[in-house]
Number of protein chains: 4
Amino acid sequence: MIFGSDNWAGTAPEISEALMRHSNGLAVAYGDSDLDKSIEKRFNEIFETECLVYFVGTGTAANSLAIAATMKPGGIVLCHDEAHVLANEGSAPEFLSGGGRLSPVGGRNGKIEPDQLLKAINNYPPEFNHLGQATMVTITQSTEAGTVYSLEEITAISNIAKQSSIPLHMDGARFANGLVKLDCTPAEMTWKRGVDMVSFGATKNGCWCAEALVVFNPDLHSHFQFIRKRSGHLFSKTRFISAQFEGYFENELWLKLARHSNLMGEQLEKTIKNSNQVRLAWPSESNQVFFIADKTKAATWLDKGARFHPFPTPKGIEGEISKNEQIYRLVASFITQQNHIDELAAIISA
Amino acid sequence: MIFGSDNWAGTAPEISEALMRHSNGLAVAYGDSDLDKSIEKRFNEIFETECLVYFVGTGTAANSLAIAATMKPGGIVLCHDEAHVLANEGSAPEFLSGGGRLSPVGGRNGKIEPDQLLKAINNYPPEFNHLGQATMVTITQSTEAGTVYSLEEITAISNIAKQSSIPLHMDGARFANGLVKLDCTPAEMTWKRGVDMVSFGATKNGCWCAEALVVFNPDLHSHFQFIRKRSGHLFSKTRFISAQFEGYFENELWLKLARHSNLMGEQLEKTIKNSNQVRLAWPSESNQVFFIADKTKAATWLDKGARFHPFPTPKGIEGEISKNEQIYRLVASFITQQNHIDELAAIISA
Amino acid sequence: MIFGSDNWAGTAPEISEALMRHSNGLAVAYGDSDLDKSIEKRFNEIFETECLVYFVGTGTAANSLAIAATMKPGGIVLCHDEAHVLANEGSAPEFLSGGGRLSPVGGRNGKIEPDQLLKAINNYPPEFNHLGQATMVTITQSTEAGTVYSLEEITAISNIAKQSSIPLHMDGARFANGLVKLDCTPAEMTWKRGVDMVSFGATKNGCWCAEALVVFNPDLHSHFQFIRKRSGHLFSKTRFISAQFEGYFENELWLKLARHSNLMGEQLEKTIKNSNQVRLAWPSESNQVFFIADKTKAATWLDKGARFHPFPTPKGIEGEISKNEQIYRLVASFITQQNHIDELAAIISA
Amino acid sequence: MIFGSDNWAGTAPEISEALMRHSNGLAVAYGDSDLDKSIEKRFNEIFETECLVYFVGTGTAANSLAIAATMKPGGIVLCHDEAHVLANEGSAPEFLSGGGRLSPVGGRNGKIEPDQLLKAINNYPPEFNHLGQATMVTITQSTEAGTVYSLEEITAISNIAKQSSIPLHMDGARFANGLVKLDCTPAEMTWKRGVDMVSFGATKNGCWCAEALVVFNPDLHSHFQFIRKRSGHLFSKTRFISAQFEGYFENELWLKLARHSNLMGEQLEKTIKNSNQVRLAWPSESNQVFFIADKTKAATWLDKGARFHPFPTPKGIEGEISKNEQIYRLVASFITQQNHIDELAAIISA
């Protein structure tokens, strides 16, 4: 009954095996080993384009360094008001970008609303130093709210960013979950829609620490090697991140794991819908499910061993939740099994 | 014949096994798992004192965040002029400490000379904002020059730092190599000598990425959780760093590995001494050995498959090296074997 | 008809004379001259308490360095969502505090609403590094909306900040305008109400560049000399800031100037109320007056030589302004005269 | 007998008058007034080229923001080891550039030695992130040692910087003193020799706070408006900096003032040479003169009312100064008179 987060899961056996497979011997450090190079190439194949690939160890690092790579003095990053960079990363984006600012943009279900994005961008007229300059738009796929941007929605946001020559970043901490939901190729979900860089996360989907910043737009990669080094995020034995990715991509493991956690998400959603004790906060499209429950009841479920966390009420739906209620989040991972869900169902239906 | 660096080595089998052992199941993220807690406790036992333990993934992170934790506005960090923080970390200490400055202090054989330290500290009179304020002294054990501070030498430096109320940090990227050389306890080499915090490195000695900032002085730990988070260095599945340390400490693996690499260092030194083609730059006391060779000859050895790097000539011994010569560094690791050294010997004696 | 801002006004004659008076001769630089010391003492008298006084040249510097002085890693500064630090300082607070974050708090008429402040503070539970830690509450007196916090309102906010041990800062860019409105002593408006530090602005009220950070709470001043120096804000000939303050305080010039600009504010408000072309956005209490007008009409007034700026619609009153309308700001200064206002009245009544 | 620094002098009468002249009335704030524009144009005339001009209030700001404007991640600024940016600015260059590093280059008499510069640049091979990337060379004219780079010496340094595509900055805190010594045009001393930007200082030469960053290379000015704003260095009433420059340039006041202080420097040098109590440390070429004296004697002169400061012994001449001796600095300013020097002469000859 552990649904605290997908980062509570360990590593998939295939990932552990890949780590073991490469544990012996000597190899050039700091990203120049043969394995590192081959995995970078693998990313190029998967994305069907030439792209630059930079390995880091945490999603916060990937996002923050992407923001740093595009930062300018007085720079403003436009993100959804529930975005992980704003809500959960301890000001790392601001710190690692040397004092940039995140400016929240609204929109239902965890997605930036294009009209609101346009309005937000227009708040920062070029050359007006009293306010700052917009330097990046970032979207999260799948979102913090468990939803998934459609390809058309990505295009709409991309078009607005492009009109103002602002780079578009995708926080892909749960990239695979969004991808299998849309059932499209990585290229279709990213650069073909105008995404300039992706924080490609694998940790939440079965690795122990494997994240990559993937840069499609060659204008944006300048100095990234230095940006990563000066923030302490260049591993000496970086080949062990590569090893994880090797296992991750082999035999489409990553897609299988994501399909599984999404399926478990569907089952969780069914459980919520079937219960007369709770109600769904909004429809889920991936491995995260949000429900509304009476706080006292939720406390008793936690006492019985269920693990899940409260989630801040999104703007605009405050009226839908009464004073004694709270939104809670359930997250399925690659190791979630139907019996875990059945146990939860038993508790919240009792 | 690969002596490029000890971070070219993979992971010791016991470390890989520890990673495997903990790969399954679910556990609280971000450092609150049972395993994380037990390893923190293990550090307390090893250091025979209450200490705070913060896991990070790179040595640069451990050093830079230690510097950040003690930084003040206009802060100055006193380090040896060959120190890794100054010579090899891409300005991460400056960046991650929000603009602090490293100020080099001289001394032979990679060790800070106490008189020069005192003079350097006196360059920064308290309250004189035009120059800055000294906020940390950092020493490296074992040093970048392959030497090892004696306990008396640590005490001498510590006393000077203490007189000015400046915290003393030890960069222990090769902590174990220094420890087994001195044949003392971790406590004797650190807090009993006045060291306030240690970057306890395990990566170079057989882990894949396991570093810990160990803080003995409770006055210095404030806000470290935030410092680590805002720089992107808090891992979600941090228990896999803990798992590495579990394997590292079990059955004194870490001491065995360090003794081995030090022994291989001795053999390398013998090889250098026995060769009439090269000469020892200075005596080694750990797993790093430095020799002086004709550049043209060295190039031919590299062509034959040997791997080692040039090393900048330390201040004060420029006169000992002729124009056609260069200092080179050999590093032994836990997987170095006698036959690797024999192969090198054959080449440089040919 | 120039009502663009009070910082469009030059210097009051008495200030210029004070600058002239001290222009000759030699004096110790960097704040240690006799004049500097005597003006610091004058501040102590005016505030009827021992306080630390640091001169800087811009209000942005005073505010940002105050924020820097209380910043902690992952630090969050709570300010009104129209606050100058958030809306007009080009991310200087973030940059000069090394990556802190400003978190907006709502409230009508430019004032932080205590309940919303409490809620905002509670968003940052202590020791929870994923979100950050609240390090300062800042209020603006008089506010960006031309209103003035009553002493009771300051107390209410101060009590909430104190309960959480968060320092309270007052952005006093228009300190004098608020003070004469409340008709109280500087002490009553600040430290007696729990304000810990004030950005004491004189530039907008008749000086050319004279701002002082005044710190009442001795726990908060540490390292401020270094903070100012490392950001380039320590003047060598700082005595010329002191000279301005000498003229400013002499014969209560500062209060006279502020009373005048407030009076002109009242006259502007009357003009707005008397016009059937515009309506008051909200009641003014100082030298800033806000009105709502049809955009097309406003454009014709600007064509006729009037100078004023649009002002972003505050949250919560969007419904009061129709699509063709806009809020505009009028600012009176120490040199505004009745005939300027009469000219404006003639235009907007035509 | 006050020779502490040229920034101890007040303002030249013509500068004060210019401030008075512009003190009345209203003008657009933040650098867009007619006066601001006309002074920017005046800079273009004086430098005989199109250049961008940014006013700031302190020399530390001018230098640090120039460094920030050219900074890159892991950036290294090459400066003389006695440079003001390194020796006297409280780490402002590091802080305001977001964590850049200053790397000292040697050379006698306060001047960077070209061969040592080349060697220093070569320490930072392109794309090698462990060390950093050289982003600026900065020279000081006239130097901290009172000497003046010849045009040929500037060219030699410029050529080396250009070969590596590194921008060349001139710290002109005492620009006028260097200029009148060389008896050339501002253009000849700067962009015609390959200087890309100048911190044009007027404060030390008779203004109260007037500094300008002058950028000749249009590739380097990007974002400077934002860089200045985000560090709090944009004045609202910036026209009062412009007013100072108006007075400064009128009737070649600036050159007259500099010629006077240089002449007083010559007289100070004569005084030193004529005394048998002290000896010249090295020949002066501007308004700063350095002498070597017995510490005990110097203390008695200070007791008698003379004001001057000790100066750190430059590298390479330690052997010329005995243990009881110290180098001291004398600085003449625009208000220094012969009788002040005579008084000093009387004391040190007694």
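Residues numbered from 1 in each chain as written. Chains lettered and ligands numbered in written order. Predicted model: local features only at pLDDT ≥ 70, side-chain atom pairs only at ≥ 80, totals over all residues.

Draft legend 1. How the structure looks around the overall build of chain A. Across its full length, chain A carries 14 helices and 11 strands. Computed over C-alpha atoms, the radius of gyration of chain A comes to 20 Å, within 12% of the 20 Å expected from 2.2 N^0.38 for 350 residues, which places it in the range of a compact globule. Along the three orthogonal principal directions, the C-alpha set of chain A runs to about 55 × 55 × 30 Å. A burial count over chain A gives 64% of its 350 residues as buried. (Helix = DSSP H or I, 4+ residues; strand = E, 2+ residues; numbered from the N terminus. Rg over C-alpha atoms; globule rule 2.2 N^0.38 Å. Buried ≥ 20, exposed ≤ 12 C-beta atoms within 10 Å, placed from the backbone.)

Draft legend 2. Main features of the interface of chain B and chain A. Chain B puts 43 residues into the contact, and the matching count from chain A is 43 residues. Mapped onto the side of chain B that touches chain A, the elements with two or more residues apiece are α1 (13–21), α3 (59–70), α5 (92–96) and α10 (224–230) of chain B. Residue composition of the side of chain B that touches chain A, grouped by class: 20 nonpolar, 20 polar and three charged. (Contact = placed C-beta atoms within 7 Å. Nonpolar A, V, L, I, M, F, W, Y, C, P; charged D, E, K, R; others polar.)

Draft legend 3. How the structure looks around the pairing of strand β11 (residues 325–331) of chain D. All names here are of chain D. Of all seven residues in β11, five are buried, a share of seventy percent or more. Relative to β11, strand β9 (residues 288–294) is paired through seven bridges, and the arrangement is antiparallel. Its bridge partner lying in β11, Asp294 is registered against Glu325. Pairing of strand β10 (residues 309–311) with β11 involves three bridges; the strand directions are antiparallel. When the sheet's bridge partners are listed, Phe311 is paired in β11 with Ile327. (Pairing = 2+ DSSP bridges.)

Draft legend 4. How the structure looks around helix α1 (residues 13–21) of chain C. When we look at burial in α1(C), the residues that qualify are C:Ile15, C:Ser16, C:Ala18 and C:Leu19. Down the axis of α1(C), the buried set is contained in an arc of 160°. They therefore lie on one face. Looking at the buried side of α1(C), the elements it contacts are α11 (239–249) of chain C together with α1 (13–21) of chain D. (Arc of directions from axis to C-beta.)

Draft legend 5. Representation of the relation of the copies chain D and chain B in the model. Between chain D and chain B, the superposition needs a rotation of 180° and an axial shift of 0.0 Å, giving an RMSD of 0.0 Å. Each copy turns onto its partner about a two-fold axis. Ranked by how close their C-alpha atoms come to the rotation axis, the residues of chain D are headed by D:Gly99, at 2.1 Å. When you check the interface residues of chain D against chain B, 100% turn up at the interface there too, and the contact is symmetric in its surfaces. (Least-squares fit on C-alpha atoms with pLDDT ≥ 70 in both.)

Draft legend 6. Region of the structure containing the relation of the copies chain B and chain A. Overlay of chain B on chain A (RMSD 0.0 Å): rotation 180°, translation along the axis 0.0 Å. When the interface residues of chain B are mapped onto chain A, 100% of them are again interface residues, pointing to one common binding face.

Draft legend 7. Geometry of the environment of D:Val148. Mapped onto the secondary structure, D:Val148 falls in the loop between β4 (133–140) and α7 (151–163). Residues D:Val148 and D:Gly178, spaced 30 residues apart in sequence, show a C-alpha to C-alpha distance of 5.7 Å.

Draft legend 8. Inspection of the sheet that holds strand β7 (residues 211–215) of chain D at higher detail. All names here are of chain D. As summarised here, the arrangement of the seven strands in space is β1-β7-β6-β5-β4-β2-β3, forming an open sheet in which the pairing is mixed. Each edge of the open sheet is held by one strand with a lone partner, namely β1 (52–56) and β3 (101–105). Averaged over all pairs of adjacent strands, the angle between strand axes in this sheet comes to 25°, irrespective of strand direction. Both β1 and β7 contribute to a ladder of five bridges, which runs antiparallel. Residue Tyr54 lies in a different strand from β7, and its bridge partner there is Leu213. (Axes fitted to C-alpha atoms, helices over the stretch in contact; angles between N-to-C directions.)

Draft legend 9. How the structure looks around the packing of helix α1 (residues 13–21) of chain A against helix α11 (residues 239–249) of chain A. All names here are of chain A. Where α1 contacts α11, the two axes come as close as 8 Å, and the packing angle between them is 135°. Between α1 and α11, the angle is such that the two are oblique. Between α1 and α11 the crossing geometry is right-handed. Packed against α1, whose contacting residues are Glu14, Ile15, Glu17, Ala18, Leu19 and Arg21, the element α11 presents Phe240, Ala243, Gln244, Glu246, Gly247 and Tyr248 at the interface. For the contact of α1 with α11, a count of residues per class yields six nonpolar, two polar and four charged. (Parallel < 35°, antiparallel > 145°, perpendicular 65-115°, else oblique. Left-handed = near helix turned anticlockwise from the far one by under 90°.)

Draft legend 10. Layout of the interface of chain D and chain B. In this complex, chain D contributes 12 residues to the contact, which on the side of chain B involves 12 residues. Grouping the constituent residues of the side of chain D that touches chain B by class yields two nonpolar, eight polar and two charged.

Draft legend 11. Here's a closer look at the sheet that holds strand β7 (residues 211–215) of chain A. Residue and element names in this part refer to chain A. Strands sit in the order β1-β7-β6-β5-β4-β2-β3 across an open sheet of seven strands; the sheet is mixed. Every other strand in the sheet has two partners, leaving β1 (52–56) and β3 (101–105) as the edge strands with one partner each. The sheet shows a mean angle of 25° between the axes of neighbouring strands, direction not considered. The strands that helix α6 (residues 114–122) touches are β2 (75–80), β3 and β4 (133–140); relative to β3, the one it contacts most, it runs at about 140°.

Draft legend 12. Layout of unusual backbone geometry. With omega at -15°, the peptide bond leading from C:Gln141 into C:Ser142 counts as cis. Looking at where C:Ser142 falls in the secondary structure, it is placed in the loop between β4 (133–140) and α7 (151–163). Its identity as a non-glycine residue notwithstanding, B:Glu127 has a phi of 70°, on the positive side. Mapped onto the secondary structure, B:Glu127 falls in the loop between α6 (114–122) and β4 (133–140).

Draft legend 13. Structural view of the environment of C:Leu168. Residues and elements named next belong to chain C. Inspection of the secondary structure puts Leu168 in strand β5 (residues 168–172). Residues Leu168 and Asn217 lie 49 residues apart in sequence; the distance between their C-alpha atoms is 9.9 Å. Not counting residues up to four positions away in its chain, the partners in contact with Leu168 are Val137, Ile157, Ser158, Ala161, Gly194, Val195 and Asp196.

Draft legend 14. Layout of the confidence of the model for chain A. Taken as a whole, chain A shows an average pLDDT of 96; of its residues, 100% reach a score of 70 or greater. Here the complex is predicted with pTM 0.97, and the ipTM for its interfaces comes to 0.96. (pLDDT = per-residue confidence, 0-100.)

Draft legend 15. Local environment of the domain arrangement of chain A. All names here are of chain A. When cut into domains, chain A gives domain 1 (12–252) and domain 2 (253–349). For domain 1 and domain 2, the distance between their C-alpha centroids amounts to 27 Å. Facing the 28 residues of domain 1 at the interface are 21 residues of domain 2. Residue assignment for the side of domain 1 that touches domain 2 shows that the elements contributing at least two residues are α8 (175–182) and α11. Broken down by element, the side of domain 1 that touches domain 2 gets its largest block of residues, six residues, from α8. Considering only residue class, the side of domain 1 that touches domain 2 consists of nine nonpolar, 11 polar and eight charged. (Domains from an automatic or database assignment.)

Draft legend 16. Here's a closer look at the pairing of strand β5 (residues 168–172) of chain D. Residues and elements named next belong to chain D. By the criterion of burial, β5 is predominantly enclosed, with five of the five residues buried. The alternating pattern of β5 places Leu168, Met170 and Gly172 on one face and His169 and Asp171 on the opposite face, and all of these are buried. Pairing between β4 and β5: four bridges, direction parallel. Across the sheet, residue Thr140 finds its bridge partner in β5, namely Asp171. Relative to strand β6 (residues 197–201), β5 runs parallel, the two sharing four bridges. Each bridged residue has a counterpart across the sheet, and for Met170 the counterpart in β6 is Val198.

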